[in-house]
Amino acid sequence: MDLKRHLLKVPLFLSLCFALGLGMNLSSGCKSSAPTHAKYIGLTMGTVPYEIFVTDSGLSPKKRSSLGEAIRRELTLLNQQMSTYIPDSEISEFNRMRLTDQLKVSPEFFEVTMYALLFHSSTQGAFDPTVGALVEHYGFGPTNPDEDRSQASWESVKAKMGMSNVNAQRGQIWKSNPDIEIDLGGVAKGYAVDHITRLLYDHGMTNSYVEIGGEIRTQGYNHKGEAWPTKIRDPGSKTIAVWRQPFLLKNRSIATTGTYEQHRVDPETGLMLSHLIDPRTGKPVVTDLVSVSVVVAEGTPSALDPKGIFKNQCMQADALSTAFFVLGKDEGMKLAKSIEGLEALFIYRTKAGELKDVITPGLEAEMNAFKEAEANAKTADAAQNAGAAKTNGSSE
């Protein structure tokens, strides 16, 4: 998938090794009474980093090795299906077609396309994987911007988009408009996270942390027997400074969309012209938003999934973070609050250049609880150390 195009997903989350201080070799064995840890790192989808942690008492050296091979094999398979950079991938074949014939595709590609159609409908068109031609028209794509910026040129390019022109049924997809092309980069990373999480679960691994390009899903507990701590990076800092407080991520997913380097400032309003295109207007999003993070719980019931059995929760977070960014902080937060079990954080820049946020009450409460627990732990440690020092002093 073309990660330099319209659905840039910025990895805003600190690596778990920083969050937990796990600078050790996690692939080494531990005491037999403690869970064994495995860490897998690498690149996928071209240059997208992945980092996977598994904690399980049944992780033998042979099991660790076979899991690593399975992870690499599945990520390669997904890339071959949905990467626009690979000429003979399934999505490249579909995009080259200038026909309305049906194309039989892999179950994974079909599933992601089906969900993309669902997200498009459920967000009132704010999520649309067919806007790539307009991204390039405005100069945010990998190629040079169109020299002709006339209304006629814009209308000609806009005629080549519209997710309503993509159809999927019974393992086949086809176009109503033969000029339509799709880029599933806005959901493919999230889907890959879900796919690998299911792979680990199928191999008996019920405690895991999977991150691909900043999109995260967790199962169970870490090596300390705790839910996985997650930190959101301060988008205004070039270091690893943290925005607000950490919070615990157990059996949940989180994804973030941001503009960062891919934006221009509108000289008239002073607002950012985003590389993200609003599919409803066909023009760059003009916004004060810097980033949007979405947290989705396992089995979150919503308009996207009325039965609450959403097995692709990270893909849901992935798509919604993009849609909320397009909708803006007011409309986006309104939709976020209407979805039970979903949390969101919108970071925006004021006219004075200051970064502020709006956050759902549930996530704010989680961050405050983590802060309080951390403070209590430090107080208890200080009291214990003081008591130990007093005891040592008396014995002397």
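Scroll up for the structure.
Note that the structure is predicted; figures quoted are calculated from it, not measured.

A. Structural view of the side chain of T360. Relative to the helices and strands, T360 is located in the loop between β16 (355-359) and α10 (361-395). For T360, the side chain forms a polar contact with the main-chain nitrogen of A344, separated by 3.0 Å. In this structure, T360 is in contact with M333, K337, E343 and A344, ignoring residues within four places of it in sequence.

B. A look at the pairing of strand β6 (residues 208-212). Among the five residues of β6, five are classified as buried, and the element is accordingly described as predominantly covered. A two-sided burial pattern is seen for β6, the buried positions comprising S208, V210 and I212 on one face and Y209 and E211 on the other. Hairpin connection, β6 to strand β7 (residues 215-219): the antiparallel pair is bridged by two residues, and G213 has positive phi, about 60°.

C. Seen up close, the packing of helix α2 (residues 61-82) against helix α7 (residues 185-202). As a packed pair, α2 and α7 sit with axes 10 Å apart at the nearest point and diverge in direction by 150°. Here α2 and α7 pass one another in a crossing that is right-handed. Together, L67, A70, I71, E74, L75, L78 and M82 of α2 and Y191, A192, H195, I196, L199 and L200 of α7 make up the contact between the two elements. Residue composition of the contact of α2 with α7, grouped by class: 11 nonpolar, one polar and one charged.

D. Region of interest: the sheet that holds β16. Pairing is antiparallel in the open sheet, where eight strands are placed in the order β1-β2-β6-β7-β10-β14-β15-β16. At either end of the open sheet lies a strand with only one pairing partner, and these are β1 (36-44) and β16. Neighbour to neighbour, the strand axes of the sheet diverge by 10° on average, direction disregarded. Strand direction decides the pairing type here: strand β2 (residues 48-56) and β6, joined by five bridges, are antiparallel. Following the sheet pairing, F53 is matched in β6 by Y209. On the sheet, α2 packs against β1, β2 and β6 and is oriented at approximately 25° with respect to β1. Of the strands in this sheet, β2, β6, β7 and β10 (252-258) are in contact with α7, which crosses β7 at around 20°.

Rules and cut-offs
Residues numbered from 1 in each chain as written. Predicted model: local features only at pLDDT ≥ 70, side-chain atom pairs only at ≥ 80, totals over all residues. Heavy atoms only, no water. Helix = DSSP H or I, 4+ residues; strand = E, 2+ residues; numbered from the N terminus. Polar contact = N/O pair within 3.5 Å; in protein donor to acceptor, adjacent residues only side chain to side chain. Contact = heavy atoms within 4.5 Å. Buried < 20%, exposed > 50% of the residue type's maximum accessible area, 1.4 Å probe, protein only. Pairing = 2+ DSSP bridges. Axes fitted to C-alpha atoms, helices over the stretch in contact; angles between N-to-C directions. Left-handed = near helix turned anticlockwise from the far one by under 90°. Nonpolar A, V, L, I, M, F, W, Y, C, P; charged D, E, K, R; others polar.

Remember that the coordinates give geometry; whether it matters functionally is a separate question.
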